[in-house]
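# Structural features, examined
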Amino acid sequence: MQRACISGIGVEVPEHVITNDELVASFNAWVAKENVKREADGLEPLPGSSAEFIEYASGVKTRHVLVPDGILDPDRMTPRIAERPDDQISIMAEFGVAAARKALKHAGVEASEVDMVICSASHQQRPYPAIAIEIQKELGTSGSAFDMSLGCSSAAAGLHMAFNLVRTGAQKRVLVVTPEIITGHLNFRDRQTHFIFGDASSALLVEALEGEEERAGRFEIVDTRTWTQFSNNIRTNFGFLNRAAQEDTSSVPMAGNMIKQVGNRVFKEVTVAGHKFIVDFLDEHGHKPQDIRRFWLHQANARMNAMILKLSFGHEVGQDRAPTVLEELGNTAAAGAIVAMERTHADMKPGEHGLLCAFGAGYSIGGALLRMM
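Residues numbered from 1 in each chain as written. Predicted model: local features only at pLDDT ≥ 70, side-chain atom pairs only at ≥ 80, totals over all residues. Heavy atoms only, no water.

### Structural notes on the layout of surface pockets
Of the pockets and cavities examined, the second largest pocket occupies roughly 270 Å³. A302, R303, A306, Q319 and T324 are, among the 21 residues lining the second largest pocket, the residues nearest its centre. Of all the elements in the fold, those that place two or more residues in the lining of the second largest pocket are α2 (51-58), β11 (294-297), α7 (302-313) and α8 (326-329). It is α7 that provides the largest number of residues to the lining of the second largest pocket, a total of five residues. (1 Å grid on protein atoms, 1.4 Å probe; cavity = no way out; pocket = protein on both sides within 12 Å on 5 of 7 lines; lining within 4 Å. Points joined across faces, edges and corners; volume = space filled by probe spheres on them. Helix = DSSP H or I, 4+ residues; strand = E, 2+ residues; numbered from the N terminus.)

Okay, structure coming up:
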C-alpha cells in the first residue's frame, strides 16, 4: 500500500459574527409575539431563552455566519441568500473554493496536479450537477469529482475515502472540500437548536508519499476509520419528495423538515459511542489515549467532548490536549474538527500523533490517526 499524507489544510471562516445576546434578543422577540397568538388559541406559552442557558448547554458564545442579513429579524429568522443564475458559481461552491485555494497554497500544489475533488459536507445545496464538479471547474483540477455526505462526520468520511483511494494507487492527489452553510438549513425558531450552528469551510489535500519520503510539518495518515448506526435523534427531512407529500404543492412547510435533535439522548449515546470508537481505534494501532499529543474532536458540544475524553483518559483533559473552537465559532458541522486542527497543529513535534474524530447524525463517527512528520 502507498503511504499518504495531508499535504495541505485550508480554512475559510466568514467575518460576520452573531453573539448569544443578539440571538437571544431576536428569539425572545419572536416568542413574545408568538405567545400572544398561543394565548388566544388556549395553548401553552413557549419558553424564552438566555445567553447563560446557551453557554451552559453548548459552550457556544458567538458564531460566524456567511450571510447575517435576515437571521436576527424576528419576522424572518433565516439568512437572506439570493438565488444566483445558473451561469454564476453557486454560493456553496464559492465558499468551498475559498478554503480549497488555501489548502493548495499550503501544500504548494497547483490545482492542475489534483486528480479528484470530493465535496463532503453535511448539507449539499443541490443534488446535481455535483457541487464538487463545480469546484473542480472553478479551480481547474483534472480527473473527476463527486459529492458525499455523512452528517457532521462528512469531512472525516471524505478523508477516509481519499486516503484509501490514494494508498491503493487509484488517485495521486485528492482534495476533500467541506463548505458548511448550515445556517441556511437551521430553524432559528427552535429553542433546542437555534443557537448551536455557525458557518465555515475547510479543505484537506491528501497526497501520495514516495517510498520513505518525509515532509516536515505535514501529517502522515496512519489509518482512518468510519462507524455508523441508525438513529433518528438527529434528523432533517428536507428533500425533493417533500413537495410530493403535499396536497397543495405550491407551498411546502419548512419548520418540521429542518434540523431537529433530541439533545439529551444524543449527548448520552454519542458520548458512549465516541469513547468506545476512540479507545478501540487507538488500541488497534497499539496506542492508548495518553500516547496521543492532540485530539481534534467534532466541535458540537464542549461538555460532550470533555466527557468523552474523561472516559478515555480516566481524568479531565485540558485545551492543550484537546483544543476547541466551539466558543467562538459554534458548531460548524463537518468543518469544525478540521478548523480546530488547522489552528492548533503547528507546535507539534515530528513523531507525535494526533487524532481527528468527528461524530454526526446517523449516528456516524469518522476518525483519522495522524503522525507529524
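More follows now that the structure is in view.
### As for the sheet that holds strand β6 (residues 173-180)
Strand order in the open sheet made by the nine strands is β5-β4-β6-β7-β1-β8-β13-β12-β11, with mixed pairing throughout. Strands at the two margins of the open sheet, each flanked by one partner only, are β5 (144-148) and β11. The mean angle between the axes of side-by-side strands here comes to 25 degrees, regardless of whether they run parallel or antiparallel. Pairing geometry for strand β4 (residues 116-120) and β6, over four bridges, is parallel. Across the sheet, C119 pairs through a bridge with V177, a residue of β6. Lying on the sheet, helix α3 (residues 91-107) is in contact with β1 (3-12), β4, β6 and β7 (200-209); it crosses β1 at an angle near 125 degrees. (Pairing = 2+ DSSP bridges. Axes fitted to C-alpha atoms, helices over the stretch in contact; angles between N-to-C directions. Contact = heavy atoms within 4.5 Å.)

### A few points about the nonpolar core
The biggest cluster of nonpolar side chains holds 36 residues, and the ones touching the most others in it are I6, L159, F219, W296, M341 and L370. Listed by contribution, the elements that provide at least two residues to this core are β1, β4, α5 (154-167), β6, β7, β8 (219-228), α9 (336-343) and β13 (364-372). In terms of residue count, α5 provides more of this core than any other element does, six residues in total. Excluding its chain neighbours within four sequence positions, the residues that come into contact with F219 are A4, C5, I6, W296, M341, H345, M348, L370, R371, M372 and M373. If you look at the next biggest cluster of nonpolar residues, it comprises 28 residues, including A93, A100, A111 and V177. (Core = buried A, V, L, I, M, F, W, Y, C linked by side-chain atoms within 4.5 Å. Buried < 20%, exposed > 50% of the residue type's maximum accessible area, 1.4 Å probe, protein only.)

### Considering unusual backbone geometry
Residues Y128 and P129 are joined by a peptide bond in cis, for which omega reads -5 degrees. Each neighbour pair has its own omega, and for G362 with Y363 the value is -10 degrees, a cis peptide bond. The phi torsion at M77 lies on the positive side, around 55 degrees, for a residue other than glycine. Topologically, M77 is positioned in the loop between β3 (62-65) and α3. The residue A333 is not glycine, and still its phi comes out positive at about 55 degrees. Assignment of secondary structure puts A333 in the loop between α8 and α9. By relative accessible area, A333 is classed as buried at 0%.

The quantities given are spatial measurements derived from coordinates; they are silent on function.
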